[in-house]
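Breakdown of the fold
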Amino acid sequence: MFYYMGVINNKITWKMSTPVEQPGLQEVSEDIYNQLTYLPADFTRDDDWNILTVTPAEPPVPEPEPVTTEDRLTAVEAAILDLMGV
């Protein structure tokens, strides 16, 4: 398997793996590839432009699930019953 990544504005912005060699793309080791969990990622290179380390972006913050009308009505009903002392 061959592992590749792309750099835009000094950040790793994409990665791909393929069983077919892709000349002209930046090849990386499987270890580096597996470290690219969230993109864009920062990286360091050696004097020969080989990727030495990567620092993935923070995981995305999950979007809160939208509150349904049914959930709102249930909350209002519970609040009214609480106010009534029921």
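To keep things clear, this report deals only with the structure shown in the data block. Per chain, residue numbering runs from 1 following the sequence as it is written. Restriction of local features to residues with pLDDT of at least 70 applies here, the model being predicted, together with a cutoff of 80 or more for giving and counting side-chain atom pairs; totals for whole chains, interfaces and linings are based on all residues. To obtain the side-chain values, all non-hydrogen atoms of the structure were included, while hydrogens and water were left out.

Glancing now at the sheet that holds strand β1 (residues 2–8). Strand pairing follows a simple DSSP-based rule, namely that at least 2 bridges must link the two strands. Strands are runs of DSSP state E lasting at least 2 residues, helices are runs of H or I lasting at least 4, and numbering of each runs from the N terminus. Ordered in space as β2-β1-β3, the 3 strands form an open sheet in which the pairing is antiparallel. For this open sheet the edge positions go to β2 (11–18) and β3 (26–28), each flanked by a neighbour on one side alone. On average, each strand axis in the sheet is tilted by 40 degrees relative to the strand beside it, whichever way the strands run. Where β1 lies against β3, 3 bridges are found, and the strand directions are antiparallel. Paired with Tyr4 across the strands is Glu27, a residue of β3. Every angle, taken between N-to-C directions, lies between 0 and 180 degrees, and every axis is a line fitted to C-alpha atoms, over only the stretch in contact when it is a helix.

A word on unusual backbone geometry. A cis amide bond, omega 5 degrees, links Leu39 with the succeeding residue Pro40. Of note in the backbone geometry, Asn10 takes a positive phi value of approximately 60 degrees without being a glycine. Residue placement: Asn10 occurs in the loop between β1 and β2. We note that Trp49 has phi near 70 degrees; this positive angle belongs to a residue other than glycine. Following the sequence through the fold, Trp49 ends up in the loop between β4 (42–45) and β5 (51–55).

All we've got here are geometric facts, nothing functional implied.
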